[in-house]
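Each chain, written out:
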Amino acid sequence: MENTSLWVFGYGSLCWNPGFEFDQTLTGHVKGYSRKFWQGNTTHRGVEGKPGRVATIIEDSRDVVWGRAFRLVGEAALRYLEKRECLLGGYKTIIGNFHPRHDVPGLTSFPVLIYVATPDNHLWLGDASIADIANQIVDCRGASGHNVEYLLKLARFMREHIPEADDKHLFTLEFLILSKIKEQNLSLNYLMGETPLHDRPPLEKQERPYDLDNRIQFTTLVEHTKMLHV
């Protein structure tokens, strides 16, 4: 079966918050790229003078990026994405080849539109130490919510829907950010957009839908196990 539809590959907030109309979605990966939190953002997860950090992908022949492909419905979806990703986000478009996670008749692999950030856009932040990136994410928020929400919901999506995804950059940031939230006695509910700051209860009485302590312990165990098998 020939695939003539327009598909878009999401590897950041599109995974858990697409915001447009689609009639089919598949999890899978693109080869030859690596996901990095190297793009700045001043419209959704940061503000002018204090940009947040969001995901982009960079070329890496040894890696793959897991995410979610969407088959678009109507021109409105594409216009929405062009505004969200290009006009406001500073991304440009490329064509990649998507490989579904599970066998789909007639769709062994197919072209997808991918929004990527490059160093020639004004929001580019580039590489930094993993600790500095984590600090910046914990310290930033924008019109769409806290930068922490963006990263933790992406990590949660990968773990729940693509458990085989091995993304050291993403999951190391998750571990560092959760550790900082605990150290600084911050409200995880508030950072995740689930409780207004003025309504939050004392920390010891807060519900923790992200299971903060167990998540830190689990991530530490996984990283230690990986090191033992290197």
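The residue numbers shown here count from 1 along each chain, following its written sequence. Only residues with pLDDT of 70 or above have their local features reported here, since the model is predicted, and side-chain atom pairs are shown and tallied only from 80 upward, although totals for entire chains, interfaces and linings are computed over all residues. Note that the side-chain values use all heavy atoms of the structure and ignore hydrogens as well as water.

Under an unreviewed UniProt entry, the name given to the protein chain is glutathione-specific gamma-glutamylcyclotransferase, and the source organism is Laodelphax striatellus. Under the Sequence similarities (unreviewed entry) heading, UniProt states for the protein chain: "Belongs to the gamma-glutamylcyclotransferase family. ChaC subfamily." UniProt positions are given in the numbering used here, feature names are shortened, and annotations may be inferred rather than shown by experiment.

Looking now at the overall build of the protein chain. Numbering goes from the N terminus for both helices and strands, where a helix is a DSSP run of H or I of at least four residues and a strand is a run of E of at least two. When you go through the protein chain residue by residue, the secondary structure sums to six helices and seven strands. Ordering the α and β elements of the protein chain from the N terminus gives β-β-β-α-β-β-α-β-β-α-α-α-α. Residues classed as buried in the protein chain amount to 48% of the 230 residues present. Note on contacts: a residue pair is in contact if any heavy atoms of the two residues lie within 4.5 Å. A sequence separation of at least 24 residues applies to 73% of the contacts in the protein chain between residues at least 6 apart. Computed with the Shrake-Rupley method and a 1.4 Å probe, the accessible areas treat only the protein chains shown as cover for residues. For the protein chain, the exposed area adds up to about 11800 Å²; of that, 52% sits on carbon and sulfur atoms. Three exposure classes are used, based on accessible area relative to the maximum for each residue type with a 1.4 Å probe and protein chains only: buried under 20%, partly exposed in between, and exposed over 50%.

Turning our attention to the packing of aromatic side chains. Only Phe, Tyr and Trp rings are paired, with Trp represented by its six-membered ring, and only when their centres lie within 6.5 Å; those with planes under 30 degrees apart are stacked, over 60 edge-to-face, the remainder tilted. Scanning the model with the defined rule gives 10 aromatic pairs in all. Geometrically, the ring pair formed by F9 and F98 is tilted, given 5.7 Å between the ring centres and 50 degrees between the ring planes. Here F98 lies in strand β4 (residues 92–100) and F9 lies in strand β1 (residues 7–10), a separation of 89 residues in the sequence. Relative to F70, the ring of F20 lies with its centre 5.2 Å away and its plane at 75 degrees, an arrangement referred to as edge-to-face.

What follows concerns the packing of helix α3 (residues 147–161) against helix α4 (residues 168–183). Viewed as axis vectors pointing N to C, α3 and α4 meet at an angle of 130 degrees, and their least axial separation amounts to 10 Å. In this view, α3 runs oblique relative to α4, as classed from their interaxial angle. Considering the relative orientation of α3 and α4, their crossing is left-handed. Between α3, through V148, L151, L152, L154, A155, M158 and R159, and α4, the contact on the second element is made entirely by L170, F171, L173, E174, I177, L178 and I181. Three classes are used: nonpolar for Ala, Val, Leu, Ile, Met, Phe, Trp, Tyr, Cys and Pro, charged for Asp, Glu, Lys and Arg, and polar for all others, with Gly counted as polar. When the residues that make up the contact of α3 with α4 are grouped by side-chain class, the tally is 12 nonpolar, no polar and two charged. Axes, fitted as lines to C-alpha atoms, cover a helix only where it is in contact. Angles between the N-to-C directions of the axes lie from 0 to 180 degrees. Just so you know how the angles are binned, under 35 degrees is roughly parallel, over 145 roughly antiparallel, 65 to 115 roughly perpendicular, and the rest oblique. Definitions for this section: a left-handed crossing has its near helix turned counterclockwise from the far helix by less than a right angle. A right-handed crossing has that turn clockwise.

Once that is clear, we can look at the sheet that holds strand β2 (residues 22–41). As summarised here, the arrangement of the five strands in space is β1-β3-β2-β4-β5, forming a closed barrel in which the pairing is mixed. Within this sheet the neighbouring strands show an average axis-to-axis angle of 45 degrees, counted without direction. Judged from the three bridges that link them, β2 and β4 form a sheet pairing that is antiparallel. Pairing of V30 across the sheet is with F98, part of β4. At least two bridges found by DSSP between two strands are what make those strands a pair.

Our focus in this paragraph is the pattern of salt bridges. One speaks of a salt bridge when a side-chain nitrogen belonging to Lys or Arg is within 4 Å of a carboxyl oxygen belonging to Asp or Glu. As enumerated under the stated definition, the model contains 10 salt bridges in all. For R101, the salt bridge is made with E164, and the minimal N-O distance between the two is 2.6 Å. Of the two residues, R101 sits in the loop between β4 and β5 (110–116) while E164 sits in the loop between α3 and α4, which places them 63 residues apart along the sequence. For E174, the salt bridge goes to R159, with nearest N and O atoms at 2.7 Å.

The N-to-C vectors of helix α2 (residues 130–138) and α3 enclose an angle of 120 degrees; their axes lie 7 Å apart at closest approach. Between α2 and α3, the interaxial angle falls into the category oblique. In this structure, α2 contributes Q136, I137 and V138 to the contact, and α3 contributes N147, V148 and L151. Taken together, the residues that form the contact of α2 with α3 break down as four nonpolar, two polar and no charged.

Moving on to the pairing of strand β3 (residues 52–72). The pairing of β1 with β3 spans four bridges and is antiparallel. Each residue of the ladder has a partner; that of W7, found in β3, is R71. Here 16 bridges tie β2 to β3, and the two strands are oriented antiparallel to one another. The residue bridging K31 from the neighbouring strand is V64, located in β3.

Turning next to the nonpolar core. Within this scheme, the nonpolar core is defined by two criteria: the residues are buried Ala, Val, Leu, Ile, Met, Phe, Trp, Tyr or Cys, and they are joined through side-chain atoms within 4.5 Å. Within the largest apolar cluster, 56 residues are counted, with the highest numbers of intra-cluster contacts made by Y11, F37, V112, L152, M158 and I177. Contact partners of I177, with chain neighbours within four places excluded, come to A134, I137, V138, V148, L151 and L152.

This paragraph deals with the confidence of the model for the protein chain. When pLDDT is low, close inspection of the predicted coordinates is not appropriate. Known as pLDDT, the predictor's per-residue confidence is scaled from 0 to 100. Confidence in the prediction of the protein chain, expressed as mean pLDDT, is 86, and 83% of residues score 70 or more. Across the protein chain, α2 holds the top mean pLDDT of 98, while helix α6 (residues 212–228) sits lowest at 44. For residues 197–209, every residue scores under 50 in pLDDT, and the model assigns this stretch 17 contacts once sequence neighbours within four places are set aside. Note that pLDDT drops below 50 for residues 217–230; the model gives that stretch six contacts with residues more than four away or on any other chain.

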